[in-house]
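# Per-entry structural report
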Amino acid sequence: MTDLSSRPDQQVFHEHRRLLFSVAYRLLGSAADAEDAVQDAWIRWSASDRSRVADPKAYLTRVVSNLALERLRSARHRRETYVGPWLPEPLLTGGDVSEVVADAESVSMAMLVVLETLSPLERAVFVLKEVFAFSHAEIAEAVERSEAAVRQAAHRAREHVRARRPRFAADPSRQREATERFFAAATGGDVNALLDLLSPDVALWTDGGGRVRQALRPVVGAATVAAWFAAIGTVAYQGVEPADMRAELVGINGGPGIVFSGPGRVIATVTFDFDADGRITALHNVANPDKLQAVAAGTAYDLGTR
C-alpha cells in the first residue's frame, strides 16, 4: 500500500488509518473490502481541499463510512447467492482489543453475523452509534440521511441486535479456559469432554463458500457437534491427514480461537460464542480459502475503537 507517512497530509491520514479500518471492517465483515474502502478514502482525502477540514478524524470517518456503505449495498446480492452460510472473514487480533470487553464484543464473529442481518443503513448507524459513539447528527451527515431517519434506524437496529445478541457473555478468562479445554478435547478426540463444554442446543456454522466441502446448514446439538470435532484426530480433513494437521490457539476477532493448518496452508479457523456460564453456544468455522488469507499472512490487527 502507498506510504502514508512522509508528508503532513499523509501523516494525518496515517494517524487515523487504524480507526478507519476498524470502522470499515465492522461494516463489511471483510478485511479485503475494508482495506479497499480505506484506500478509496485516502484517494478522496488526497483530492480534497484539506484547508477546509476542521476535524480530520470526523471527516475521514464519514468518508470511509460512506464508502463502506456503498460497498455493503453492492455486496448484498453476492452474499444472498453464497453457497452455504456466509461468515465474516476472521482476523488475528492481539491482546488490546480482547482486554476491552466492549471492543471485543463488537468485532466478535457472533456479533458480525448478527450485523449481517441488518439493512446496510441500519448496520452503519448501529456501528457508528453503539460502537464508535457518534452522535445522531454526525451519523446523519456520514450516511447522508436526515437526523430523524437516523434515529429511527438506530432504534430498529438496537432492538434487532438486542433480540438476537443478548448481553450475557462469560468473562474473558472463562472464555479462554473453555477454549483451552475445547482445544485439548478436540485434538485428543475426547467426546465426553467436548459434551461437557457444549450447550445442549449448540450450533456449528461452517463456511466453505462452495470452495471446500462443508455443511450447508447449521450442525445443531451437542452430540453431533462433539462427534464432528472429535473426528479431527482420526480422519483426513480437506485432504490433510491427522498426522499432518496442526492446531494452534490464537486470538481471533477479539476472543480466543483456533487455527487449523496443514502443510503450507491454513485450512480453517474456529471461533466460539459462550453463555454466562462459559458453555459454548455456537461455533463459527471458516474454511473458505478466500477468507483465510489475512490469517495465513499472520498479521495481527488492532480493531480497537479509540
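Everything that follows concerns the structure shown earlier in this document.
Rules of the game
Residues numbered from 1 in each chain as written. Predicted model: local features only at pLDDT ≥ 70, side-chain atom pairs only at ≥ 80, totals over all residues. Heavy atoms only, no water. Helix = DSSP H or I, 4+ residues; strand = E, 2+ residues; numbered from the N terminus. Rg over C-alpha atoms; globule rule 2.2 N^0.38 Å. Buried < 20%, exposed > 50% of the residue type's maximum accessible area, 1.4 Å probe, protein only. Contact = heavy atoms within 4.5 Å. Areas by Shrake-Rupley, 256 points an atom, 1.4 Å probe, with all protein chains shown as cover. Lys, Arg positive; Asp, Glu negative; His and termini not counted. Charge placed at Lys NZ, Arg CZ, Asp CG, Glu CD. Phe/Tyr/Trp six-rings, centres within 6.5 Å; stacked < 30°, edge-to-face > 60°. Core = buried A, V, L, I, M, F, W, Y, C linked by side-chain atoms within 4.5 Å. Arc of directions from axis to C-beta. Axes fitted to C-alpha atoms, helices over the stretch in contact; angles between N-to-C directions. Parallel < 35°, antiparallel > 145°, perpendicular 65-115°, else oblique. Nonpolar A, V, L, I, M, F, W, Y, C, P; charged D, E, K, R; others polar. Expected span 1.5 Å × (residues − 1). Bend = angle between axes of the 7 residues up to and from the residue. Pairing = 2+ DSSP bridges. Left-handed = near helix turned anticlockwise from the far one by under 90°. Salt bridge = Lys/Arg side-chain N within 4 Å of Asp/Glu carboxyl O.

This brings us to the overall build of the protein. When its secondary structure is counted, the protein shows 13 helices and eight strands. Its C-alpha atoms give the protein a radius of gyration of 20 Å, near enough to 19 Å, the size a compact globule of 306 residues would have. C-alpha atoms of the protein, sized along the principal axes, occupy 65 × 40 × 35 Å. Burial statistics for the protein: of 306 residues in total, 53% are counted as buried. Within the protein, contacts between residues separated by at least 24 positions form 66% of all contacts whose residues are at least 6 apart in sequence. Counting every atom, the protein has about 14000 Å² of accessible surface; 50% of that belongs to carbon and sulfur. Taking the average place of the 35 positive charges on the side chains of the protein and the average place of its 39 negative ones, the gap between the two points comes to 5 Å.

Below, the discussion takes up the packing of aromatic side chains. The final tally for this structure, using the stated rule, is seven aromatic pairs. Relative to tryptophan 42, the ring of phenylalanine 13 has its centre 5.2 Å away and its plane inclined at 65 degrees; by these criteria the two rings are edge-to-face. Of this pair, phenylalanine 13 sits in helix H1 (residues 8–28) while tryptophan 42 sits in helix H2 (residues 31–47), and the two are 29 residues apart along the sequence. Of the two residues, phenylalanine 13 and tryptophan 42, both sit in the buried class. Plain terms: the ring middles of phenylalanine 21 and tyrosine 301 are 5.0 Å apart, the flat faces sit at 20 degrees to each other, and that makes the pair stacked. Of this pair, phenylalanine 21 sits in helix H1 while tyrosine 301 sits in strand S8 (residues 300–301), placing them 280 residues apart in sequence. Ring pairing ties together the aromatic residues Phe182, Phe229, Phe272 and Phe274, which thus form one cluster.

This next bit is on the nonpolar core. Core analysis: the biggest nonpolar cluster contains 52 residues, and Phe13, Phe21, Tyr25, Val64, Leu91 and Leu115 have the highest contact counts within it. Elements with a contribution of two residues or more to this core: H1, H2, helix H3 (56–80), helix H6 (109–115), helix H7 (120–131), helix H8 (136–143) and helix H9 (147–164). Here tyrosine 25 is in contact with Ser30, Ala31, Ala34, Pro88, Glu89, Pro90, Leu91, Val107, Leu112, Asn253 and Leu303, once residues within four sequence places are set aside. In this structure, Ala186, Leu194, Val202 and Ile258 belong to the second largest nonpolar core, which totals 31 residues.

This paragraph deals with the side chain of glutamine 214. By the secondary structure assignment, glutamine 214 is in the loop between strand S2 (198–207) and strand S3 (219–220). The class for glutamine 214 is buried, based on a relative accessible area of 11%. Setting aside residues up to four positions removed in sequence, glutamine 214 forms contacts with Thr206, Asp207, Gly208, Trp228, Tyr237, Gln238, Asn285 and Ala287.

Turning our attention to helix H12 (residues 222–230). Inspection of H12 places Ala222, Val225, Ala226, Phe229 and Ala230 among the buried residues, and these make up the whole buried set. End-on view of H12: buried residues confined to an arc of 130 degrees, all on one side of the axis. Buried positions along H12 lie against helix H10 (172–188), helix H11 (191–197), S2, S3, strand S6 (265–274) and strand S7 (280–286).

Okay, the packing of H8 against H9 next. Across the interface, H8 lies against H9 with an axial gap of 8 Å and an inter-helix angle of 105 degrees. As far as their axial angle goes, H9 and H8 are roughly perpendicular. Only Glu147, Val150, Arg151 and Ala154 of H9 make contact with H8, whose side of the interface consists of His136, Ala137, Ile139, Ala140 and Val143. Taken together, the residues of the contact of H8 with H9 break down into six nonpolar, one polar and two charged.

A few words now on H3. The end-to-end C-alpha separation of H3 is 36 Å, in line with the 36 Å expected for 25 residues at 1.5 Å each. At serine 74, H3 shows its largest bend, some 30 degrees.

We now examine the pairing of strand S4 (residues 246–252). Bridging between S4 and strand S5 (residues 255–262) involves seven bridges; their strand directions are antiparallel. Along S5, the bridge assignment pairs isoleucine 252 with glycine 255. In this structure, the hairpin formed by S4 and S5 is closed by a connection of two residues, where asparagine 253 is found at a positive phi of approximately 50 degrees.

In contact at an axis separation of 9 Å, H3 and H7 are set at 145 degrees when each is read in the N-to-C sense. Where H3 crosses over H7, the two elements pack in a sense that is right-handed. Here Thr61, Ser65, Leu69, Leu72, Arg73, Arg76 and Arg79 of H3 come into contact with H7, specifically with Pro120, Leu121, Arg123, Ala124 and Leu128. Within the contact of H3 with H7, the residues separate by chemical class into six nonpolar, two polar and four charged.

Close approach of charged atoms allows side chains with opposite charge to pair. On inspection of all chains with the given rule, the structure shows 14 salt bridges. Between arginine 18 and aspartate 302 there is a salt bridge; the shortest N-O distance is 3.6 Å. A residue pair is termed long-range when its members are at least 10 positions apart, and arginine 18 in helix H1 and aspartate 302 in the segment after S8 qualify at 284 residues. By sharing partners, the salt bridges in this structure join Glu105, Arg165 and Asp273 into a single network.

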